[in-house]
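Working through the structure, step by step
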Amino acid sequence: MKAKITTLPGDGIGPEVLEQAIAVLARVASKYHHEFVFHEALIGGSAIDKTGSALPAETLRTAEQCDAILLAAVGGPKWDNPTAPVRPEQGLLGIRRHFELFANLRPVKAYQALAHFTPLRDDLLAGVDLLFVRELTGGIYFGPRQEQGDGDSAYDTELYSVDEVRRVAEVAFRAAQGRRKKVSSIDKANVLASMRLWRRTVTQLHAEKYVDIDLEHLLVDSCTMYLMTRPRSFDVILASNMFGDILSDEASVLAGSLGMLPSASLGAGTFGLYEPVHGSAPDIAGQGKANPIGTILSVAMMLRHSFGLEKEAQAVEDAVDMVLASGARTADIAGQGSSYVSTEEFGQAVVGQI
Ligand code: IPM
Ligand code: MG
């Protein structure tokens, strides 16, 4: 197949992890006879520096002509001024919204070899394999707000419609059908009206179309606890924009390093935005210390969800597993005082395994 991909290196370690992910895509193209064409564009702080905007119109135009977006990371202390009129994160929020990428998929697996990097006991971690389906274009992130007000007060609004909840819940139920058939829907229905609508809508959709799925409703506060006390009991976790943001960072602890985790942001069609869960890590930028696994596994998600290339996606995931099994470690997963390979060496080892 032939596909066009917008690449957005962004800030900090973004360019170095992206380079390795592109090398992996190039290897997949040559091995399986596909053609991937890359169109690089600006986003985040580096876009602010060059154009004054975190999401230049040119970037949206480029992405509109492509089949998928591969984004690395945005942000950094340079742009971290709370009174600045533009912030790098606006680029990320803007691109999610522009393409109505309402479902954010974040798989979290516990890697046995990295168990000692987590604060949890081995017996709790073994077999952890869960998938967050986070609502991404609604809720308090995009609800009515008063930014500055009179200086004495400000507000943000959690606002959900039945349609917004339904479409993301559909994604969660369908994902569960291909997995262990369980959905944990997270809310705060004991306090918030918007979350009572959330629970009612999920319950209704379940009764209509997905009775084969085991559905549980959890309050967000208990869920934070269960993620640490019984992480293996989760299969698919369906959550609102903000709760999904918080819980997925908490769950990343189970994987051993934030650097391991990929994500896919999907809308109604096959178009998607793929990015590692980690941020721009400005403190280690340019030192070859970044872990490219999150971005490389995001490429696997792109091959699967946007291009329908399951075999190729599996080959990339297997290659990462094999390189880890060979003992190669980037700095974040090497342990104090242990030797580690560079971002590029790890990426090239994955390329070599495909
Ligand atoms: C994430 C990030 C973003 C979010 C920030 C950078 C705007 O934390 O992708 O989880 O809150 O969605
Ligand atoms: Mg987050």
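Worth saying up front: this structure is predicted, and the values here are computed from it rather than measured.

**Focus: the packing of aromatic side chains**
Tallying each qualifying case throughout the model produces four aromatic pairs. Where Phe 36 meets Phe 307, the ring centres are 5.8 Å apart and the plane angle is 25°; that geometry is what we call stacked. Within this pair, whereas Phe 36 is found in strand E2 (residues 35-40), its partner Phe 307 is found in the loop between helix H10 (293-305) and helix H11 (310-325), the two being separated by 271 residues in sequence. The residues Phe 36 and Phe 307 share a single accessibility class, namely buried. The lysine or arginine in question, Arg 97, covers the ring of Phe 142, its NZ or CZ lying 5.0 Å from the ring centre. In this arrangement the basic side chain of Arg 134 is found over the ring face of Tyr 141, its NZ or CZ atom lying 5.3 Å from the centre.

**Topic: helix H12 (residues 343-353)**
Regarding H12, the residues found buried are Thr 343, Phe 346, Gly 347, Val 350 and Val 351. Buried positions in H12, seen along its axis, are confined to an arc of 140° and lie on one side of it. Packed against the buried residues of H12 are helix H1 (14-32), H10 and H11.

**A few points about unusual backbone geometry**
In this structure, His 33 takes a positive phi of about 60° despite not being glycine. Residue classification places His 33 among the exposed positions, given a relative accessible area of 68%. The backbone of Glu 100 shows a phi angle near 45°, a positive value even though the residue is not glycine. By the element assignment, Glu 100 lies in the loop between helix H4 (89-98) and strand E4 (103-109).

**Some thoughts on the pairing of strand E3 (residues 68-73)**
Judged by how many residues are buried, E3 sits mostly within the fold: six of six residues are covered. As paired strands, strand E1 (residues 2-10) and E3 are joined by five bridges and run parallel to one another. For Leu 8, the partnering residue across the bridge sits in E3 and is Leu 71. Note that E3 and strand E12 (residues 272-276) share three bridges and pair parallel. Across the sheet, residue Ile 69 finds its bridge partner in E12, namely Leu 273.

**With respect to the site of ligand 1**
Taken together, Glu 89, Leu 92, Arg 96, Arg 106, Arg 134, Tyr 141 and Asp 245 are the residues near ligand 1. At 2.7 Å from an oxygen atom of ligand 1 is found a side-chain nitrogen or oxygen belonging to Arg 96. Between an oxygen atom of ligand 1 and a side-chain N or O atom of Arg 106, the distance comes to 2.8 Å. Calculation on ligand 1 without its partners gives an accessible area of 320 Å², and the protein chains cover 75% of this total. Of all the elements, H4 adds the most residues to the shell around ligand 1, at three residues. Taken together, the residues of the shell around ligand 1 sort by class into two nonpolar, no polar and five charged. Counting the residues that make up the shell around ligand 1, at least three belong to each of domain 1 (1-102 + 258-354) and domain 2 (119-146 + 155-255).

**Quick look at the sheet that holds strand E5 (residues 129-135)**
Pairing between the strands of a sheet is mediated by backbone hydrogen bonds and can be parallel or antiparallel. Overall, mixed pairing links the 10 strands, which are arranged E2-E1-E3-E12-E11-E4-E5-E10-E8-E9 in an open sheet. Each edge of the open sheet carries a strand with a single partner, namely E2 and strand E9 (214-219). The average undirected angle you get between the axes of adjacent strands in this sheet is 25°. Each of E5, strand E8 (182-187), E9 and strand E10 (236-239) is contacted by helix H8 (residues 220-229), which is oriented at about 110° to E9, the strand it contacts most. Helix-sheet contacts for helix H9 (residues 241-252) involve E4, E5, E8 and E10, and the interaxial angle to E5 is about 155°.

**A closer look at the side chain of Asn 104**
Mapped onto the secondary structure, Asn 104 falls in strand E4. From its side chain, Asn 104 meets the backbone oxygen of Ala 264 in a polar contact 3.3 Å long. Residues contacting Asn 104, with those up to four places away along its chain left out, are Phe 132, Val 133, Arg 134, Leu 136, Ser 263, Ala 264 and Ser 265.

**What to know about the pairing of E1**
Judged by how many residues are buried, E1 sits mostly within the fold: seven of nine residues are covered. Pairing between E1 and E2: six bridges, direction parallel. In the strand pairing of E2, Thr 6 is matched with His 39. Note that the unit made of E1, H1 and E2 has a crossover that is right-handed.

**Re the packing of H8 against H9**
Look at H8 against H9: their axes get within 10 Å of each other, and the N-to-C directions meet at 15°. Between H8 and H9, the angle is such that the two are roughly parallel. Note that H8 runs across H9; the crossing there is right-handed. Every residue of H9 that contacts H8 at Val 220, Cys 223, Thr 224, Leu 227 and Met 228 is listed here: Phe 243, Leu 247, Glu 250 and Ala 251.

**Some thoughts on the domain arrangement of the protein chain**
Each assigned domain of the protein chain is listed here: domain 1 (1-102 + 258-354) and domain 2 (119-146 + 155-255). Of note, the centres of domain 1 and domain 2, computed from C-alpha atoms alone, are 25 Å apart. Across the boundary between the two partners, domain 1 contributes 11 residues, which contact 12 residues of domain 2. Summed over both sides, the interface of domain 1 with domain 2 buries roughly 1100 Å², with 66% coming from carbon and sulfur. Ranking the residues of domain 1 by area buried against domain 2 places Arg 96, Arg 97 and Phe 102 at the top, with a combined share of 52%. Run the count over domain 1 and domain 2 and you get one salt bridge. For the salt bridge of Arg 167 with Glu 100, the shortest nitrogen-to-oxygen distance reads 2.6 Å.

Conventions and cut-offs
Residues numbered from 1 in each chain as written. Chains lettered and ligands numbered in written order. Predicted model: local features only at pLDDT ≥ 70, side-chain atom pairs only at ≥ 80, totals over all residues. Heavy atoms only, no water. Phe/Tyr/Trp six-rings, centres within 6.5 Å; stacked < 30°, edge-to-face > 60°. Helix = DSSP H or I, 4+ residues; strand = E, 2+ residues; numbered from the N terminus. Buried < 20%, exposed > 50% of the residue type's maximum accessible area, 1.4 Å probe, protein only. Lys NZ or Arg CZ within 6 Å of the ring centre and 35° of its normal. Arc of directions from axis to C-beta. Contact = heavy atoms within 4.5 Å. Pairing = 2+ DSSP bridges. Near = heavy atom within 4 Å. Polar contact = N/O pair within 3.5 Å; in protein donor to acceptor, adjacent residues only side chain to side chain. Areas by Shrake-Rupley, 256 points an atom, 1.4 Å probe, with all protein chains shown as cover. Nonpolar A, V, L, I, M, F, W, Y, C, P; charged D, E, K, R; others polar. Domains from an automatic or database assignment. Axes fitted to C-alpha atoms, helices over the stretch in contact; angles between N-to-C directions. Right-handed = clockwise from strand over helix to strand, strands pointing away. Parallel < 35°, antiparallel > 145°, perpendicular 65-115°, else oblique. Left-handed = near helix turned anticlockwise from the far one by under 90°. Buried area = accessible area lost by both parts, 1.4 Å probe. Salt bridge = Lys/Arg side-chain N within 4 Å of Asp/Glu carboxyl O.

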